[in-house]
Amino acid sequence: MKLILLNHNEEYAAREMISAHIPKIKIELTETIPCHGDYLISEVHLKDDMYIYNASLALNDKRYTYSFETDSYSKTYIKKSVNEVMKEALDTVLPWGLITGIRPGKIVREMYESGSSISEIKKHFIDFYECCEKKTNLALQVALREQELIKTMPQNSVSLYIGIPFCPTRCLYCSFTSQSIKFSNTLTEPYMDALCKEIKYTADLLKNNGLSIDTVYIGGGTPTALSEKQLDRLLYETANNFDLSKIREYTLEAGRPDTINEEKLKIIRSYGISRISINPQTMNQKTLDIIGRRHTPEDIIRTYEMAVKCGFTHINTDLIAGLPDETEADFDYTLKEIRKLNPQSVTVHTMSIKRGSYLDEKYSMYTPSAANTVNNMLSAADNMMKLMNKSPYYMYRQKNMLGNLENVGYCDKGHECLYNIYIMEEVQSIYAIGAGASTKIIDGSKIDRIFNVKEVSEYINRIDEMIARKDVLKVR
Ligand code: SF4
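Residues numbered from 1 in each chain as written. Predicted model: local features only at pLDDT ≥ 70, side-chain atom pairs only at ≥ 80, totals over all residues.

1. Brief notes about the overall build of the protein chain
The number of helices and strands found in the protein chain is 16 helices and 18 strands. Whereas a compact globule of 476 residues would reach a radius of gyration of roughly 23 Å, the protein chain reaches 24 Å, a difference of no more than 12%. Each of the three principal axes of the protein chain carries a C-alpha extent, and together these read 70 × 55 × 45 Å. (Helix = DSSP H or I, 4+ residues; strand = E, 2+ residues; numbered from the N terminus. Rg over C-alpha atoms; globule rule 2.2 N^0.38 Å.)

2. Here's the deal with the pairing of strand β11 (residues 275–278)
Each regular strand displays side chains that alternate between the two surfaces of the sheet. Taking every second residue as pointing to the same face, both faces of β11 are buried, with R275 and S277 on one and I276 and I278 on the other. Pairing geometry for strand β10 (residues 249–255) and β11, over 4 bridges, is parallel. Note that in β11 the partner of L252 across the bridge is I276. Handedness of the β-α-β unit built from β10, helix α8 (residues 262–270) and β11 comes out right-handed. (Buried ≥ 20, exposed ≤ 12 C-beta atoms within 10 Å, placed from the backbone. Pairing = 2+ DSSP bridges. Right-handed = clockwise from strand over helix to strand, strands pointing away.)

3. Considerations on the site of the ligand
Around the ligand, the neighbouring residues are C167, R170, C171, C174, F176, S178, G220, G221, T222, G255 and R256. A breakdown of the residues in the shell around the ligand according to their chemical character gives 4 nonpolar, 5 polar and 2 charged. (Near = placed C-beta within 6 Å. Nonpolar A, V, L, I, M, F, W, Y, C, P; charged D, E, K, R; others polar.)

4. Examining the environment of Y64
Within the fold, Y64 resides in strand β5 (residues 62–70). Residue Y64 is classed as partly exposed on the basis of its C-beta count, with 17 C-beta atoms lying within 10 Å. A sequence separation of 20 residues divides Y64 from E84, and the C-alpha atoms of the two residues are 9.1 Å apart. Once residues lying within four places of it in the same chain are set aside, the contact partners of Y64 are L57, V85, E88 and A89. (Contact = placed C-beta atoms within 7 Å.)

5. A closer look at the domain arrangement of the protein chain
When the parts of a complex come together, some accessible area is lost, and that lost area is often used as the size of the interface. Taken domain by domain, the protein chain consists of domain 1 (2–90), domain 2 (104–143) and domain 3 (152–469). Centre-to-centre separation of domain 1 and domain 3, based on C-alpha positions: 38 Å. Taken together, the 4 residues of domain 1 in the interface contact 5 residues of domain 3. Here the residues of the side of domain 1 that touches domain 3 sort into 2 nonpolar, 1 polar and 1 charged. (Domains from an automatic or database assignment.)

6. Topic: helix α10 (residues 297–309)
The end-to-end C-alpha separation of α10 is 19 Å, in line with the 18 Å expected for 13 residues at 1.5 Å each. For α10, the complete set of buried residues consists of I300, T303, Y304 and A307. Looking down the long axis of α10, one finds its buried residues gathered within 105° of arc, a one-sided arrangement. Opposite the packed face of α10, turned more than 90 degrees from it, sit the exposed residues E298, E305 and K309. In this fold, the buried residues of α10 make contact with α8, β11, β12 (315–321) and α11 (328–341). (Expected span 1.5 Å × (residues − 1). Arc of directions from axis to C-beta.)

7. What to know about the packing of helix α7 (residues 228–241) against α8
The interhelical angle for the contact between α7 and α8, taken along N-to-C directions, is 10°, at an axis separation of 10 Å. On the basis of the axis angle, α7 is roughly parallel to α8. Every residue of α8 that contacts α7 at E228, L231, D232 and L235 is listed here: E263, K264 and I267. Taken together, the residues of the contact of α7 with α8 sort by class into 3 nonpolar, no polar and 4 charged. (Axes fitted to C-alpha atoms, helices over the stretch in contact; angles between N-to-C directions. Parallel < 35°, antiparallel > 145°, perpendicular 65-115°, else oblique.)

8. As for the sheet that holds strand β4 (residues 50–59)
Strand order across the open sheet formed by 5 strands is β2-β1-β3-β4-β5, with mixed pairing between neighbours. This sheet does not close on itself; its edge strands, each paired only once, are β2 (28–29) and β5. With 2 bridges connecting them, strand β1 (residues 2–6) and β2 associate as parallel partners. Looking across to β2, one finds that K2 is bridged to E28. Contacts between helix α1 (residues 11–21) and the sheet are confined to β1, β2 and β3 (39–47), with β1 contributing the most and set at about 140° to the helix.

9. Re the nonpolar core
Counting residues in hydrophobic clusters, the biggest one holds 117 residues, and the most contacted among them are V82, I276 and A321. With residues near it in sequence (within four places) discarded, V82 still touches A14, M17, I18, L40, S42 and A55. (Core = buried A, V, L, I, M, F, W, Y, C linked by C-beta atoms within 7 Å.)

Below, the structure written as structure tokens:
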């Protein structure tokens, strides 16, 4: 689609709104109005102290226009005019309205901190952002819960992230730093050596800077893709180098059932890890096959029960709404199966077409779920979580999510994942170790980032350089 902007430069706002309606659409900014093909013209002009916002859309040989005037200039109004023509052309309504590219929780928090009442915030969401009441209530509920938990964050504390970039196979939708463990066998040992070097350096850095560790998150990839010996080495080095005496939460992503066995679970438990994730994504075999997971729903149940037997009292399960070829009935089946397991927390994601994923490359081979279907799935999940006595405690949105919807973490009271909140709300520094890890230093409203290279062999070969990048964090 061609995009033409007249009298304004809010390209990003217009693009976001178009993509919210049509994920993965290619948009080309141009200056001339084409004679044929799809295009959108977004225009703002000032007349008698009033701003007039126009949008004109040509889509599939039909024309749609929308115009309104108001006394102020805002890029949200540009979004509004674009949204109106897209809505009319596609007959879709976005539940989050004009909220794109910003965390709804951030809007709530900023308004709350500047003295707005709950009803004023609600009104602003509904009237200004055209957000539906259900999503408005969700944003408020999550933001207020997050606020309570952020208040408990200890002074001078940081979180620690360690990345293990290996998985048994690559999932269709994955864009994380991860490669197949089977084809990277020769890399795992050198990777562990490099990782342990960075662990030691980072531990000294934290000690010298007088920082305490509040939460630890070992993710990836799939940390349990490592062998028992490598997993034990990772956890031993972490426990021996860092002072973990003050941590309030220790998570390890077991993630894939095809990497979990009793021995690994016992090793993880023996290092005091309190929270693990066992992520089904779906309980339907046909979908597991489509997304490239070489395990069965029975494997999920078996490993989950094994984890309970090994003494884990906080297990999280991740689900995805809108997986290729899944119907609402398929998703309902997954929810019912999850209810039987009754994990302490459930994170419900919306399918997102991430750049660099196989799904992105082969998008045309799959039928994406319609936005309203995915929204119905999210509503079904919300109802099921209520039945299971779980409340939403964190939420985030990403680019290219179907229907511009959301990912929500639900949990039993007292089982909120602090790390998830801190990383999303950017309130605590995160020292990150491993390939593709990014360290985030929060200093008031200032955020500095230090990136490690993503490619595993590059990380191994350039480990001294990765470590040297953290030198800027030394207190001088
Ligand atoms: S398990 Fe997670 S990290 Fe591994 S390939 Fe699948 S989505 Fe990516």
